[in-house]
Amino acid sequence: MVNGTSSKEKTQQRTPGATDQDGGRAPRQHDTGDGAARAGSGENKSDRKTRITVLVALAANLVIAVAKAVGGLLAGSPALLSEAAHSVADSLNEVFLLAALRRSRRPADARHPFGYGKERFFWSLLAAVGIFVMGGCFSFFQGAQALTSGAEEKFSGYVAGLIVLGVALLAEGGSLLRALHQVRRQGGGLSGLRDPALRTVVAEDGTAVLGVTLAIIGMALHMVTGQVVWEASASLAIGVLLVYVAYRLGRDARDQLIGEAADPELSDRIRELLAQEPEIDSVEALFTMKMGLDSTLVAARIDLVPGLDSERVEDVSVRIKQSLAEAVPEAEQIFLDVTDRMADEACESPAATGERGGA
């Protein structure tokens, strides 16, 4: 592994993009902030917008949860109580996401030299668990209880429940529009949803809108037919919906927590940039891992052209790292391993080739 600390460099101040002693890239002075500062600031524009979006969703869910719970208890509606549990779960999850936004920007320290960027993924995983346990399981319980014991409601109970759900639909819809607006401003599609906190809010609000719609349909059919099976079925459907959303969010968080590679497009770009360097004969293996929302670790095994002495190898390594860091700002840590042999095993490994494994 090339450390990039030649005798010449040791007598000089560290230059932008220079290599530190463990093979990683030192902070670039022309950055908006070094890796640690960026990881700890929490003041960037994207984070501020996401925090506002989460706060809007939290306020809406708290008000709606109280209204649904009161309405559900007064009306004896299983679908409405299921939606109340859904809103309580969403409120708790928004608290998790606020914690993720704050804690993930803490600066790197001795115990966590790569920073705290993965805190976002951890708190998103807790949010998924909250949706599953508090929302999905309670909805199943309410639906099963309604089917076995029946439920009788007065006309006033139906009216109160439908009014509460109508207000909830407007509030949840407004929160969803706010989240989707931010997604569109951040590029739309998958690129706009790369922040796990924002992705969780969009999933929660979208699920809430669909869940409220199911509850309204279930209550309306119960009122018209007098058959509780409609409202119980709506509660069970809400449970299925929440469990599915929790599974998808949890799976994404799991992949990122255990060390997910960078997007194939970014990995291909890094490989091309390395291959274009005149001193690199071949890129034997390339490994990447997401360390946070905007931080990626890059480790490459490269074969240099013949004829370079040790001093020249160190200078070339520093220059290559600086060039790659300037071209790919996400590459917060860059490690180069110089080899003079064909690393056939490394080239064929799934980590080097970019193949994905696991369920």
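Our structure's up above, just so we're on the same page.
Parameters and conventions
Residues numbered from 1 in each chain as written. Predicted model: local features only at pLDDT ≥ 70, side-chain atom pairs only at ≥ 80, totals over all residues. Heavy atoms only, no water. Helix = DSSP H or I, 4+ residues; strand = E, 2+ residues; numbered from the N terminus. Buried < 20%, exposed > 50% of the residue type's maximum accessible area, 1.4 Å probe, protein only. Contact = heavy atoms within 4.5 Å. Areas by Shrake-Rupley, 256 points an atom, 1.4 Å probe, with all protein chains shown as cover. Salt bridge = Lys/Arg side-chain N within 4 Å of Asp/Glu carboxyl O. Pairing = 2+ DSSP bridges.

Right, let's get into the overall build of the chain. Counting its secondary structure elements, the chain contains 13 helices and three strands. Burial statistics for the chain: of 359 residues in total, 48% are counted as buried. Restricting to contacts in the chain with at least 6 residues of sequence separation, those with at least 24 account for 74%. Here the chain displays about 17,200 Å² of accessible surface, and carbon together with sulfur accounts for 62% of that area.

Turning to the pattern of salt bridges, a few remarks are in order. Overall, the coordinates contain 10 salt bridges when judged by the stated rule. Ionic pairing is found between Glu 119 and Arg 106, a salt bridge with its closest N-O pair at 2.6 Å. Highlighted residues: Glu 119 in helix α5 (residues 119-149) and Arg 106 in the loop between α4 (78-103) and α5, separated in sequence by 13 residues. Using a relative accessible area of 27% as the deciding quantity, one classes Arg 106 as partly exposed. Among the ionic pairs, Glu 277 bridges to Arg 319, the shortest N-O distance being 3.0 Å.

Of all 10 residues in strand β2 (residues 295-304), nine are buried, a share of seventy percent or more. What sits between strand β1 (residues 280-292) and β2 in their antiparallel hairpin is a turn of two residues. By the bridge criterion, seven bridges tie β2 to strand β3 (residues 331-338) in an arrangement that is parallel. Across the sheet, Leu 297 pairs through a bridge with Gln 333, a residue of β3.

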